[in-house]
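Close look at the chain arrangement
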Amino acid sequence: MSHHYIKTENLEYSYYGGAKAIDDISFLITHGEKVALVGANGAGKSTLLMLLNALKFAQKGTIDIGNTFVTEKTAKFIRQKVGFIFQNSDNQLFMPTVSDEIAFGPINMGLPKEEVERRTDMALQRVGCESLKNNITSHLSGGQKRSIAIASVLAMEPEILLMDEPSSNLDPFSRRLLINQIKSFTHTCVIATHDLEMVWELCPRSIAISNGKIVFDGLSKELFYNQELLNECHLEQPYLAKIEQMKEAEKIRSAN
Amino acid sequence: MENLDRVISEIRGIETDAIDRGSRYRINPASRIIVCFLFLLSMLTFSVFNIIDTIPYAIIVILLTLLVNIPLSYIFRKTKYLLLFVFFIAAFNPLLDRRPAININGFIISYGWLSFFTIILRGYISVTAAMILILSSGFIPLCRGMEKLKIPKLLVTQLLFVYRYIIVLLEELAQIINSVKARGYGKNKFPVKLWSVFIAQLLIKTYSRAEMINYSMIARGYDGDIKTFSENKWQRSDTVFCIVSILIIGFLRFFRPFVFINNMF
């Protein structure tokens, strides 16, 4: 079995004094899969991503990432294997220049200077932002910030990518660039999002969460055709899915 | 609100402008710190009544502001409140020390007034020198320089975090002010009770954003030490810069330009 997998078993997590944010969550995501994590605000998507990145630790259950269990001891290793792209790029970018920002992760990994420079250039090339290398991070546009945030994670050459609302606050052009970038990734990807049009294009599989529990795990298409479930998760059927469903209904009708 | 936006962009601009200014003078921040420290130390070793020998230091600082392209008016604007503090330190000297020091055609200047002007001038020189150091090096490279000079890492990291999170705090404050204005219907004064709510909200929001920034740093291997490769290595030019600067400082301190010129003629 490839090492680029995520397996969780009976995961539970509660915030101090609060209700369970994650409640008995189990799933297996295999190598190269692009899985959408969908659900209403406060459903537990971001918390789950943080657990997968060893930024928080589950109170019950286990997370196995490529044969390594997530614990405080393995956290540093897990964070190298699993890259996390945060919802708000402004929170992710903290170094003065783009090159410093992208080099931050590889330097912390203890890589030699030449390798850090190679990875920085490679990551910038992957997101098509080579020309921004010496720019000041705070002067970038929203779309550029998102690309640099992705590049800063790609430079660590993670096996798995976690993305929290990657398309939020992006204009349609930047959003399209982002979708094309994600399409080109061969990584195992977990994308927490409300952007179901993006899910329709990128993720054949979806996991829907409601009140910290998994309420659906299967083909995205199935979820998008299930209006009751969409309502339960405060989601809206994507336009493309609506057309597809109408076409299929039309086909069945004409066949009859 | 415009003021707050300006402050945020000016703090952000420290690094940007320093990159522009610094690229012209490739001098290691550590050597800049050493020179700045020696410069100020040599000035402070003069007597508090010696205003004549303090003037050359002021001239050097003015020349430096021209060299690194920082308008003096900008420095004055930034330091006016700090200088007010210096003013209060020196304000009582003319009243407490009335011994006559200089008699210019019957116009007597007391030791108190001499020390008053010297303290003000020294204060202005010190603050301007520190501003030049920060604005021409950038805050982060300066912290790197401090690390090189073996200043405790704990202190340097604290400074780096204050610099990072002050922007977060100000951005959150700007948001709160915006939302208060949007629903304040032109009202500018709010009861104290409401202000306490604003401040509590500000702290909670800042903490929450700071937590996310911290998570994003940890996710990329941050272990309490911000490492970069872009820091300058100590080069021969730094040694030359230090030697030349120390010679100039030595001349200012021991040969005293005005005494030197007076002896020449």
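Another aspect to go through is the pairing of strand β8 (residues 188-192) of chain A. All names here are of chain A. Counting buried positions over the five residues of β8 gives five, a clear majority of the element. Bridge analysis of strand β3 (residues 34-39) against β8 gives four bridges, and the strand direction is parallel. Within the sheet, the bridge partner assigned to Val-35 lies in β8 and is Val-190.

This part takes up the pattern of salt bridges. Following the criterion strictly, the structure yields 25 salt bridges over all chains and no others. Where salt bridges share partners, they join Glu12(A), Lys20(A), Asp23(A) and Lys213(A) into one cluster.

Let us look at unusual backbone geometry. The phi dihedral of Ala54(A) is positive, around 60 degrees, even though this residue is not glycine. Structurally, Ala54(A) is set in the loop between α1 (45-52) and β4 (60-65). Look at Asn105(B): it is not a glycine, yet its phi comes out positive at around 50 degrees. On the secondary structure map, Asn105(B) appears in the loop between β1 (100-104) and β2 (107-110).

Now for helix α7 (residues 139-148) of chain B. By the criterion of burial, α7(B) is predominantly enclosed, with seven of the ten residues buried. Looking one or two residues beyond α7(B), the residue adopting positive phi is Lys150(B), at roughly 65 degrees.

Right, let's get into the packing of helix α4 (residues 98-108) of chain A against helix α5 (residues 113-126) of chain A. Residues and elements named next belong to chain A. Following both chains from N to C, one finds α4 and α5 inclined at 120 degrees, their axes separated by 9 Å at the closest point. It follows that α4 is oblique to α5 by the angle criterion. When you trace α4 past α5, the crossing you get is right-handed. Between α4 and α5, the residues in contact are Val-98, Ser-99, Ile-102, Ala-103, Pro-106 and Ile-107 and Val-116, Arg-119, Thr-120, Ala-123 and Leu-124, respectively. Taken together, the residues that form the contact of α4 with α5 break down as eight nonpolar, two polar and one charged.

On to the side chain of Ser31(B), then. Mapped onto the elements of the fold, Ser31(B) is located in helix α2 (residues 29-44). If we skip the residues at most four places from it in the chain, Ser31(B) touches Trp234(B), Asp238(B), Phe241(B) and Cys242(B).

Looking now at the confidence of the model for chain B. Close reading of the predicted structure is inappropriate where its pLDDT is low. All names here are of chain B. Of all residues in chain B, 94% attain a pLDDT of 70 or more, and the chain-wide mean is 83. Within chain B, no element has a lower average pLDDT than helix α1 (residues 2-22), which sits at 72, and none a higher one than α2, at 92. Prediction confidence for the complex, expressed as pTM and ipTM, is 0.75 and 0.84 respectively.

With that out of the way, let us pick up the side chain of Arg209(B). Along the chain, Arg209(B) falls in helix α9 (residues 192-219). In this view, Arg209(B) contacts Asp90(A), Asn91(A), Val168(B), Glu171(B) and Glu172(B); residues no more than four positions away in its chain are not counted.

On inspection of all chains with the given rule, the structure shows two cavities of 30 Å³ or more. Reported here for the largest cavity is a volume of approximately 390 Å³. Mapped onto the lining of the largest cavity, the elements with two or more residues apiece are α3 (89-92) of chain A together with α1, α8 (153-182) and α9 of chain B. In terms of residue class, the lining of the largest cavity is made up of 13 nonpolar, three polar and seven charged. Size it by volume and the second largest cavity reaches roughly 40 Å³. Along the walls of the second largest cavity sit Lys76(A), Gln80(A), Gly105(A), Asn108(A), Met109(A), Met156(A), Arg220(B) and Gly221(B), which together make up its complete lining. Elements supplying a minimum of two residues to the lining of the second largest cavity: α2 (75-81) and α4 of chain A. Split by residue class, the lining of the second largest cavity holds two nonpolar, four polar and two charged.

Quick notes on the rules
- Residues numbered from 1 in each chain as written.
- Chains lettered and ligands numbered in written order.
- Predicted model: local features only at pLDDT ≥ 70, side-chain atom pairs only at ≥ 80, totals over all residues.
- Heavy atoms only, no water.
- Buried < 20%, exposed > 50% of the residue type's maximum accessible area, 1.4 Å probe, protein only.
- Helix = DSSP H or I, 4+ residues; strand = E, 2+ residues; numbered from the N terminus.
- Pairing = 2+ DSSP bridges.
- Salt bridge = Lys/Arg side-chain N within 4 Å of Asp/Glu carboxyl O.
- Axes fitted to C-alpha atoms, helices over the stretch in contact; angles between N-to-C directions.
- Parallel < 35°, antiparallel > 145°, perpendicular 65-115°, else oblique.
- Left-handed = near helix turned anticlockwise from the far one by under 90°.
- Contact = heavy atoms within 4.5 Å.
- Nonpolar A, V, L, I, M, F, W, Y, C, P; charged D, E, K, R; others polar.
- pLDDT = per-residue confidence, 0-100.
- 1 Å grid on protein atoms, 1.4 Å probe; cavity = no way out; pocket = protein on both sides within 12 Å on 5 of 7 lines; lining within 4 Å.
- Points joined across faces, edges and corners; volume = space filled by probe spheres on them.

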